[in-house]
Amino acid sequence: MTKKRYTCHVVFQTHWDREWYFPFEVFRHRLVQVMKRIVTGLEKGEIKQFVLDGQMAALEDYLEVCEPSMARRVKKLIIDEKIVIGPWYVLADEFLVSGESLVRNLEIGLKQTKRFGKSQMVGYLPDTFGHVSQMPQLLQGFDIDNAVLWRGLKSEQSELYWQAPNGSKVFTVFLPEGYYQPVLDSENPNEAIASYVEKVKPYATTTQLLLTNGGDHLMPRYGDKTGQINEFNVDDVDFIESTYEQFIHELQTHATSDLPTHYGEMRSNEHAYILPNVLSTRTYLKEQNQRIEDELTGYTEPLLALCTIGTADYPERYLEETWKLLIKNHPHDSICGCSVDEVHREMETRTMKLGQRVEALQNEALTTALVVDPSVSGEGAWKPFADDSTFTVFNPHPRSFKGWVKGTIWLERGKETSFILKDVHGKLYEPTIINVTESRYFESPLDGFPEFRDATYVELAFYVEGLAATSLTSFEVVSGEALQLQKQLTNSIENEFLAIELEKDGTLTVTNKLTGKTVSGLQQFYSSLDAGDEYNYSPPLNDVVTYAILVDEPVVVKSERVEQLSYQLELVLPSGLNEERTGAVATYVKNCIDVTVTLFAGERQAEGKLNVTNKAKDQRLRLKYPLGAVVEQTYSDSAFDIVERPAVKNEQFDAAKQKEVAVVVEPALSFIRASDFAFFHRGLQEYQVVGGVEQDTLEVTVLRSVGWLSRDDLRTRGGGAGPHLATPEGQCIGRYTFEFAIGYVASEDTNAKLASRAQKFRLPPRIYRGKNQSTQYERMIEIDNETLQWSAMYRSGNGILLRLWNPAADCQEFTLNSSRHIAGITKVKLSGEATCCDDTFSLAPKEIATYIIEFQEGLKA
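Conventions adopted
Residues numbered from 1 in each chain as written. Predicted model: local features only at pLDDT ≥ 70, side-chain atom pairs only at ≥ 80, totals over all residues. Heavy atoms only, no water. Buried < 20%, exposed > 50% of the residue type's maximum accessible area, 1.4 Å probe, protein only. Helix = DSSP H or I, 4+ residues; strand = E, 2+ residues; numbered from the N terminus. Pairing = 2+ DSSP bridges. Phe/Tyr/Trp six-rings, centres within 6.5 Å; stacked < 30°, edge-to-face > 60°. Lys NZ or Arg CZ within 6 Å of the ring centre and 35° of its normal. Axes fitted to C-alpha atoms, helices over the stretch in contact; angles between N-to-C directions. Parallel < 35°, antiparallel > 145°, perpendicular 65-115°, else oblique. Left-handed = near helix turned anticlockwise from the far one by under 90°. Contact = heavy atoms within 4.5 Å. Nonpolar A, V, L, I, M, F, W, Y, C, P; charged D, E, K, R; others polar. Polar contact = N/O pair within 3.5 Å; in protein donor to acceptor, adjacent residues only side chain to side chain.

A.B. asks: Explain the pairing of strand β41 (residues 789-796) to me, please; I cannot follow it from the model alone.
C.D. replies: Along any regular strand, the residues point their side chains to alternate faces of the sheet. Along β41, seven of the eight residues are buried, which leaves the element largely enclosed by surrounding structure. Here β41 pairs with strand β42 (residues 799-805) via seven bridges, running antiparallel. In the sheet register, Tyr794 faces β42, and the bridge partner there is Leu801. Adjacent in sequence and paired antiparallel, β41 and β42 are bridged by two residues, among which Gly797 carries a positive phi angle near 65°.

A.B. asks: What exactly am I supposed to notice about the packing of aromatic side chains here?
C.D. replies: Note on aromatic pairs: each is described by the distance of the centres and the angle between the planes. Scanning the entire structure with this criterion turns up 31 aromatic pairs. Note on Phe391 and Phe475: the rings are 5.9 Å apart at their centroids and 25° apart in plane angle, and the pair reads as stacked. With Phe391 in strand β11 (residues 390-395) and Phe475 in strand β17 (residues 471-479), this residue pair connects regions lying 84 residues apart in the sequence. On the accessibility criterion, Phe391 (0% relative accessible area) is buried. Residue class for Phe475 comes out buried when judged on its relative accessible area of 1%. Ring geometry for Trp404 and Tyr463: centres 5.8 Å apart, planes at 70°, overall edge-to-face. You can see Trp404 sitting in strand β12 (residues 401-412) and its partner Tyr463 sitting in strand β16 (residues 451-467), a full 59 residues away along the chain. Among the residues examined, Trp404 registers a relative accessible area of 3% and is labelled buried. If you follow Arg267 out to its NZ or CZ, it ends over the ring of Phe95, 5.7 Å from the centre. The ring of Phe385 carries the charged tip of Arg453 above its face, separated from the ring centre by 4.2 Å.

A.B. asks: What am I meant to see in the packing of helix α1 (residues 24-44) against helix α3 (residues 68-79) here?
C.D. replies: If you want to describe how two helices pack, look at the angle between their axes and the distance between the axes. Two elements in contact, α1 and α3, have axes whose closest approach is 11 Å; the angle formed by their N-to-C orientations is 55°. As summarised for this structure, α1 and α3 are arranged oblique, according to the angle between their axes. Considering the relative orientation of α1 and α3, their crossing is left-handed. Here Met35, Lys36, Val39, Thr40, Leu42 and Glu43 of α1 lie close against α3, whose contacting residues are Met70, Arg73, Val74 and Leu77. In terms of residue class, the contact of α1 with α3 is built from six nonpolar, one polar and three charged.

A.B. asks: Explain the environment of Thr212 to me, please; I cannot follow it from the model alone.
C.D. replies: Inspection of the secondary structure puts Thr212 in strand β8 (residues 208-213). Accessibility expressed as a relative area gives 0% for Thr212, which makes it buried. Excluding residues within four positions of it along the chain, Thr212 makes contact with Val11, Gln13, Leu175, Gly178, Tyr179, Tyr180, Gln181, Tyr196 and Tyr244. Looking at Thr212, its side chain comes within polar contact range of the main-chain oxygen of Tyr179, at 2.8 Å.

A.B. asks: Which parts of the structure should I look at to understand the side chain of Thr727?
C.D. replies: Here Thr727 is to be found in the loop between β37 (697-705) and β38 (734-744). Under the relative-accessibility criterion, Thr727 is labelled buried at 0%. Setting aside its immediate chain neighbours within four residues, Thr727 contacts Arg282, Ser339, Val340, Asp341, Glu534, Val706, Gly707, Trp708 and Leu709.

A.B. asks: What exactly am I supposed to notice about the sheet that holds strand β22 (residues 508-512) here?
C.D. replies: The strands making up a sheet associate through hydrogen bonds between their backbones, and the pairing can be parallel or antiparallel. Judged by pairing direction, the sheet is antiparallel, and its four strands sit side by side in the order β20-β21-β22-β23 without closing on themselves. Strands with a single pairing partner mark the edges of an open sheet, and in this sheet they are β20 (492-494) and β23 (517-522). The sheet shows a mean angle of 15° between the axes of neighbouring strands, direction not considered.

Spatial relationships are all this shows, so hold off on functional conclusions.
Here's what the structure looks like:
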């Protein structure tokens, strides 16, 4: 019998974390050194080809600082296909960023590769901490028909298919030994290579094997690596230098047609760590990221599209650079919060810059539409220093809005702060005044001196019906009596749907008035010790659990349509772990939590705000919501999908060597559904179902205070996950703010309705300064299907790009309308390539669809 002979493809590569155990600039200088070795090795023929980690940001970082002569050499090697680049801009975490961010990441990466040469068309995901269900559909949308990955998948084969919920499928290469394999640089390379191939052979379904020679921030050692490969002597294996594309092509040629298929997301840790508690490490970073994602996709881009379509005034480059700045916060070691403190300080600086950018871009949009005017001498309706006695509301959604508009306006000091509102049609609105403060207003005109004005700031809320889709609607402050919040001596609030009572123990009793169901003990805060690190939660052997207690009496204020409950909680808890990390120290600190819960008439959920002042180290702070039922599954959203998740209640705490305990926490981008309870949030992305005798409890992580990047003495993980470095700022000492909402869902309510409620919570209509004088800024885009979700609406050329996704298991038809004359609508792939042009519109189950809408007006100079 002839012995099977294998071919091992040796791919030279480096995995380049832009920032991790060193900050960005330190790693960038290291990249300059690594690239010198790569370039000289390729030019000398010591290496045939080198894969630059599948992300363009590393190349961009290098070219910004390298010498011009080196830049020319690198660019030539890319043209000659010796340095392999693309397709991503960065290798991002998939669960902590939006689906739209993943699309833009790949779009920008592929666009950048075209400036230099060609991209490898490989879905390269070597170190991501698990994978979202829709990744195959995203890859196929850019004509990438394969994936290479390691974490999250338990497979007995290194070749398989991976299928998204919509049926999109990619050929997938599983790396059973991971990507970190600098085998040729071992003390005894011949022995190491022989050992490696024996480990991967059992997984192979063909005669083609893969060695990803390289590792984190590594260069190949000096010497003739091509010659070294030619000298390898393993009885049944031939070795060749290769690339991922070449390997996958050979693999697909040899693979059988009966390969197994993995369906949906990948979060198994049976084969490799997936480090699940990065979902709650440095939650302030998650909140900041989601806030900026919402600003960019939910307000900035739709507002610019509405205000600039038909004009030449569109900041396309500025927007792309803004996206790049945001995406630089998305690599897994960055957004996951598992780096040294300097890295996360720099992330916050990027976030600060992003906040400044999106505010400036939104003002630019309003200036283009002449709603406001930054100059004294310009043509806009609302000049500098004019107060908000007329203001404009932007509805970013492609459907009409019914609900509450909330925000703050400023009026000249001395003006009446009790008033009513009038829209352009003369309809009157009775606002509720939430708060009034005295301050100063500052303005700096483009053609005038910066000045202050004495101002009264009025926080208000008013109910609207039928606010037009994608519109600007102006309201005028007129004489009349607003509704005022009056203090009440009570501990309860209610509306048509919910009755909420604050108990003496600081928890809430909530009644669903539609069903009569009452559940007690909701929104209980508790802290337990955490002897883990930035990757994994790990309780010490002698844990201490502390429950928050109510301080003083609550403050309740009510009007006819708005009711608000404010209260303060305290936790007196251990200041940290003892030296042995087995239990608590003997000293205690006091943490304070300020909670505000607001009910608006007609709304099915209560909106909440937390201000947490944390002084404790080595602890985890959570919210508990008893469900009043035993649940077998929950639902939460991820990138372009709503995922049913089994309720894993058997929590383990002692892991075997090089293993993690079973994963019990789940990710959620914006909402969680457990039985009839719903939790909406921004930035609170980790939850868990904890089992009980008569009812289960939903627990949401608010903070995790940990002081180490990685440790090797955790109970819940049998080994280290990175360098043993102190991260004192990971303890999250300070004050943090989070927004959330809670409510109930009817049995007939679909998950799509919940997704819409979550988006409405995260992206309510917004109040802006100025006056809209034109009828063209309403109903730019309107769809008539309530099930479909939208993730993007922005200007593309002279048209508008609209991206929708269908969370339902059945086909969803819709019509698309506009107040403008539509010249044509083209359905395109994520890559922008046209697929069809017709008058009927439908999305298949779980489909992501992109449309370009062209208008007849054309482009005005």
